[in-house]
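# A look at the structure
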Amino acid sequence: MALARAAPTVSSGVLRAAFGEALVAAGIAFMLALPLAGLRLPINPMDSVIFRPWWVVVAVATVFLGRLGLALWRARVAPSRRNGVPLLDRALAYILPWRRGIFVAFVLLVAILPLMPFADRRVIDLGAVVLIYVMLGWGLNIVVGLAGLLDLGYVAFYAVGAYSYTLLIIHLDLNFWAALPLAGAFAALFGVLLGFPVLRLRGDYLAIVTLGFGEMIRIILINWSSLTGGSEGITSIPTPTLFGLTFTAVPAPGETAFHQFFGIPFAGVHRIIFLYYLILALALLTHVFSMRIRRLPVGRAWEALREDEIAARALGLNPVMVKLSAFGLGAMFAGFAGAFFATRQGFINPSSFTFIESAIILAIVVLGGMGSQMGVILAALLLVLLPEVARDFAEFRMLLFGGAMVAVMVWRPRGLLAHREPTATLGDLSRGREPAP
Amino acid sequence: MSAAPLLLSVRAVEAFYGPVRALGGVSLDVFEGEIVTLIGANGAGKSTLLMTICGNPAAAAGTILFDGADITAEATHRIVRRGIAQSPEGRRIFPHMTVIENLLIGTTAAATDGVEDDLARVFDLFPVLKERTHQRGGTLSGGEQQMLAIARALMGRPRLLLLDEPSLGLAPIVVRRIFGVIGELNRAQGMTIFLVEQNAYHALALAHRGYVLANGEIVMQGTGAGLLADERIRAAYLEGGIA
Ligand SMILES: Nc1ncnc2c1ncn2[C@@H]1O[C@H](COP(=O)(O)OP(=O)(O)O)[C@@H](O)[C@H]1O
Ligand SMILES: [Mg+2]
């Protein structure tokens, strides 16, 4: 009753509901806080565990009061706001007409990043990592976002790209530009091979089989040591050259180094900048390809299959071709990215291709908003930079990371940018641009 | 009508869902230029028959001939590319794709040239779709979605149009509009139509001939007008149902 007087506009029913909600939250908090905050392991393993009841009391009380306050605030304030369009959507509606310009401006910014005064080695390197994930996100977007095939083993194609690139370079002595497309082709082949057995699977079942496929590839890489070097992997993969110019301080006889050709002093950062532009170019290639193929019949077929497979088949789409092309092309870009990864690192081993990589790439696609190209950029920035920034928080890093993911999914369940760009207009058609070949 | 060539011939076709037999030896004919209606209660197997004609699920027994060719065991996309288009039960338009994108998917079964003419033709038939060209399919009204489903099927330039309950869940005035267009399509363009309906009154009124399906078997057949006048049909399918 005392509480009811404090908040006279809240009915007793609402109050009771809020109270119940707070009790449940407090109960959960108690169960979590008891082992996590209440018990402390002693520094000396011989001593017994220290019990800290006050920590538990504080945690439970905080959650109880916080939840009660939230529930009451929602009941009083929120109903009037609930029908409104969320702030971010309103903001998006404003910038949507400018999206092309924004994208071009963004690409220009990204392109001049290495020339900025603050851009040291670490920044450019980090930029390259973000770009790798953007590229992987765009590649997986073809499979998951467009074709609607939930793939939890995408990292397998990244690995196939990295290893086939490395083996081609080392055993056949190919250069980067010859090995890159072959690595993509190998990965695409593996994509199609995976596609066959899973043609009839959807949703959860597909996810399980692709997950298994990803692990299989990794385990094969570990065990086929005569070819792959086992868990040690393969080292000393050469850096690609820029039209024959190498990035070494002292080039081998008969070769010219980048700094010699331009008559500038040698700097290790040249190589980093070169690699940055290389991955930028590869990522842009992926983007342009995705945008173009969406407007072709095959791209539209992917989306139709995602939306309604039965209807798509009844209209004459061959689901086998549609699915295999999505798996194959999606895998191809992972293969390109894998080749770049190998050449950037200079060494590869199976521990770079664990399930967590697949999970991060999928998280980028889902958080970004399935099928949204711009969403992938935002999510990749978030997922790569956040752990980097959070490095200062040491052991709370993953907690922060997980919290951010949960927050995005609570506030934007369809992803950060769920806008879907239409692939055809009547204008295009009357100008004779459709259907494209 | 018997002078026209036989376009679709279904002979003793059976279909199963696992162990459940949904069609128990169905036979029927559709001649070129006809509207043939199949009526039957909920669960009689009408949708199954349309899907089986399209090979999904494939017929377990019997034969299906389209334009003289045996399509019984063919893959769905091949059957469709021969010139059979379907507007499936529940419309099944692609909800996140725009009207024009839905229509372009429909062109899969046709040659790639002349898409603009096809578009102009379906926009003539359903002018409201032209106004909604860039709207997402899922945001259309039920009637508009049904028109889109029919238009999408027509974009494949079919010789036989299969319609599964186009009146499902629509207001009477919209139902009349859609049946009007179906009749027009048949009269003006000579489109052969196989129409499945629970709404027996409108469907039989429109049809040249009709069949009645019950528990997976054809139990009656006749001209549209003949069936409409039949006492048993009136009792079983029209009682209180004249929309
Ligand atoms: N996908 C399915 N799986 C199993 N049984 C089905 C399936 N679709 C339909 N059936 C069954 O087949 C019978 C015929 O269904 P259907 O063809 O949808 O009838 P109608 O279209 O005449 O209402 C029904 O008994 C129904 O329960
Ligand atoms: Mg039905």
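Quick caveat, the model's predicted, so the values are computed rather than measured.

### What to know about the overall build of chain A
On a plain count of helices and strands, chain A comes out with 20 helices and four strands. Nonlocal contacts in chain A, meaning residues at least 24 apart in sequence, comprise 72% of its contacts between residues at least 6 apart. Approximately 22700 Å² of chain A is accessible, and the part contributed by carbon and sulfur atoms is 71%. The averaged location of the 22 negative side-chain charges in chain A is 11 Å from the averaged location of its 33 positive side-chain charges.

### Focus on the coordination of the magnesium ion (ligand 2)
All names here are of chain B. At the metal site, the magnesium ion (ligand 2) is ligated by Ser 47 (OG) and Glu 89 (OE), and these contacts range over 2.0 to 2.5 Å. In this pair, Ser 47 is assigned in helix 1 (residues 46-53) and Glu 89 in the loop between strand 6 (84-87) and helix 3 (99-106), connecting sequence segments 42 residues apart. You can call Glu 89 partly exposed: its relative accessible area is 35%.

### Thoughts on the packing of aromatic side chains
The final tally for this structure, using the stated rule, is 16 aromatic pairs over all chains. Between Tyr 165 of chain A and Phe 176 of chain A, the aromatic rings sit 5.6 Å apart at their centres with planes inclined by 70°, giving edge-to-face as the arrangement. Residue Tyr 165 of chain A is located in helix 8 (residues 155-172), and its partner Phe 176 of chain A is located in helix 9 (residues 176-195); the two are separated by 11 residues in the primary sequence. Comparing Tyr 165 of chain A with Phe 176 of chain A, the two get one shared label, buried. Ring pairing ties together the aromatic residues Phe 247, Phe 258, Phe 261, Phe 262 and Phe 274 of chain A, which thus form one cluster. In this arrangement the basic side chain of Arg 52 of chain A is found over the ring face of Trp 55 of chain A, its NZ or CZ atom lying 3.9 Å from the centre. Sitting over the face of the ring of Phe 94 of chain B, Arg 152 of chain B holds its NZ or CZ atom 4.8 Å from the ring centroid.

### Quick notes on the site of ligand 1
All names here are of chain B. Every residue lining ligand 1 is accounted for by Tyr 17, Ala 22, Ala 41, Asn 42, Gly 43, Ala 44, Gly 45, Lys 46, Ser 47 and Thr 48. A distance of 3.3 Å separates an oxygen atom of ligand 1 from a polar side-chain atom of Asn 42. With three residues, the top contributor of residues to the shell around ligand 1 is helix 1. A breakdown of the residues in the shell around ligand 1 according to their chemical character gives four nonpolar, five polar and one charged.

### Points about the pattern of salt bridges
Applying the stated criterion to the full structure yields 22 salt bridges over all chains. Between Asp 308 of chain A and Arg 92 of chain B there is a salt bridge, with its nearest N and O atoms 2.9 Å apart. One end of the pair, Asp 308 of chain A, is in the loop between helix 14 (297-307) and helix 15 (309-314); the other, Arg 92 of chain B, is in the loop between strand 6 and helix 3, on a second chain. For Asp 308 of chain A, a relative accessible area of 11% corresponds to the buried category. Since its relative accessible area comes to 30%, Arg 92 of chain B is described here as partly exposed. Of the charged contacts, one joins Arg 11 of chain B and Asp 29 of chain B as a salt bridge, the two residues approaching to 2.8 Å between their closest N and O atoms. Placement of Arg 11 of chain B in strand 1 (residues 6-17) and of Asp 29 of chain B in strand 2 (residues 20-31) is noted, with a sequence separation of 18 residues between them. Overall, Arg 11 of chain B belongs to the partly exposed group, its relative accessible area being 34%. Linked by salt bridges that have partners in common, Arg 294, Glu 303, Arg 306, Glu 307 and Arg 420 of chain A together with Glu 101 of chain B make up one network.

### A closer look at the interface of chain A and chain B
The interface is formed by 27 residues belonging to chain A together with 30 residues belonging to chain B. Carbon and sulfur atoms supply 65% of the area buried between chain A and chain B, which totals about 2500 Å² over both sides. Seen at the junction of chain A and chain B, the total is two salt bridges. In this structure, Arg 420 of chain A engages Glu 101 of chain B in a salt bridge whose closest nitrogen and oxygen atoms are separated by 2.9 Å. At the boundary of chain A and chain B, one finds seven residue pairs in polar contact (both at pLDDT 80 or more).

### Description of the sheet that holds strand 6 of chain B
Residues and elements named next belong to chain B. The strand order across the open sheet formed by six strands is 6-7-8-3-9-10, and the pairing between neighbours is mixed. One side of each edge strand has no neighbouring strand; the edge strands of this open sheet are strand 6 and strand 10 (217-223). Direction aside, neighbouring strands of the sheet carry axes that sit 20° apart on average. Across six bridges, the pairing between strand 9 (residues 209-214) and strand 10 is antiparallel. Counted as the bridge partner of Arg 209 is Thr 223 from strand 10. Seen against the sheet, helix 1 touches strand 3 (35-40), strand 6, strand 7 (160-164), strand 8 (192-197) and strand 9 and runs at an angle of roughly 145° to strand 8. Against the sheet, helix 10 (residues 231-238) touches strand 3, strand 9 and strand 10, its axis set at about 60° to strand 9.

### Let's talk about the pairing of strand 4 (residues 61-66) of chain B
All names here are of chain B. Inspection of the sheet shows strand 1 paired to strand 4 by five bridges, in the antiparallel sense. Across the sheet, Leu 8 pairs through a bridge with Phe 66, a residue of strand 4. Note: strand 4 against strand 5 (residues 69-70), two bridges, orientation antiparallel. When the bridges of strand 5 are listed, Phe 66 appears paired with Ala 69. Where strand 4 folds back on strand 5, the antiparallel hairpin that results is connected by two residues, among which Asp 67 adopts a positive phi of roughly 55°.

### Here we look at the environment of Ile 234 of chain A
All names here are of chain A. Here Ile 234 shows up in the loop between helix 11 (225-228) and strand 3 (245-246). Counting along the chain gives 112 residues from Ile 234 to Gly 346, while the straight-line C-alpha distance between them is 8.6 Å. When residues no more than four places from it in sequence are discounted, the contact partners of Ile 234 are Tyr 163, Thr 166, Leu 167, Ile 170, Leu 227, Thr 228, Gly 346, Phe 347 and Ile 348.

### Overview of the packing of helix 7 (residues 121-146) of chain A against helix 17 (residues 355-368) of chain A
Residue and element names in this part refer to chain A. Look at helix 7 against helix 17: their axes get within 8 Å of each other, and the N-to-C directions meet at 75°. Considering the angle they form, helix 7 stands roughly perpendicular to helix 17. Where helix 7 approaches helix 17, its residues Tyr 133, Leu 136, Gly 137, Leu 140, Asn 141 and Val 144 are matched on the opposing element by Glu 357, Ile 360, Ile 361, Leu 362, Ile 364 and Val 365.

### Considering the sheet that holds strand 2 of chain B
Residues and elements named next belong to chain B. With antiparallel pairing, the four strands of this open sheet are ordered in space as 2-1-4-5. The open sheet has two edge strands, strand 2 and strand 5, and neither has a second partner. Each of strand 1, strand 2 and strand 4 is contacted by helix 1, which is oriented at about 115° to strand 1, the strand it contacts most.

### Some words on the side chain of Asn 349 of chain A
All names here are of chain A. Mapped onto the fold, Asn 349 is located in the loop between helix 16 (319-345) and helix 17. Polar contacts involving the side chain of Asn 349 include one to the side chain of Ser 351, which spans 2.6 Å. For Asn 349, the residues in contact, after removing those within four places along its chain, are Tyr 163, Ser 231, Glu 232 and Gly 233.

### Considerations on the confidence of the model for chain B
The predicted model of chain B has a mean per-residue pLDDT of 93, with 97% of residues at 70 or higher. With a pTM of 0.84, the predicted complex shows an ipTM of 0.92.

Criteria and cut-off values
- Residues numbered from 1 in each chain as written.
- Chains lettered and ligands numbered in written order.
- Predicted model: local features only at pLDDT ≥ 70, side-chain atom pairs only at ≥ 80, totals over all residues.
- Heavy atoms only, no water.
- Helix = DSSP H or I, 4+ residues; strand = E, 2+ residues; numbered from the N terminus.
- Contact = heavy atoms within 4.5 Å.
- Areas by Shrake-Rupley, 256 points an atom, 1.4 Å probe, with all protein chains shown as cover.
- Lys, Arg positive; Asp, Glu negative; His and termini not counted.
- Charge placed at Lys NZ, Arg CZ, Asp CG, Glu CD.
- Donors = N, O, S within 2.8 Å, 3.2 Å for Na, K, Ca; no water.
- Buried < 20%, exposed > 50% of the residue type's maximum accessible area, 1.4 Å probe, protein only.
- Phe/Tyr/Trp six-rings, centres within 6.5 Å; stacked < 30°, edge-to-face > 60°.
- Lys NZ or Arg CZ within 6 Å of the ring centre and 35° of its normal.
- Near = heavy atom within 4 Å.
- Polar contact = N/O pair within 3.5 Å; in protein donor to acceptor, adjacent residues only side chain to side chain.
- Nonpolar A, V, L, I, M, F, W, Y, C, P; charged D, E, K, R; others polar.
- Salt bridge = Lys/Arg side-chain N within 4 Å of Asp/Glu carboxyl O.
- Buried area = accessible area lost by both parts, 1.4 Å probe.
- Pairing = 2+ DSSP bridges.
- Axes fitted to C-alpha atoms, helices over the stretch in contact; angles between N-to-C directions.
- Parallel < 35°, antiparallel > 145°, perpendicular 65-115°, else oblique.
- pLDDT = per-residue confidence, 0-100.

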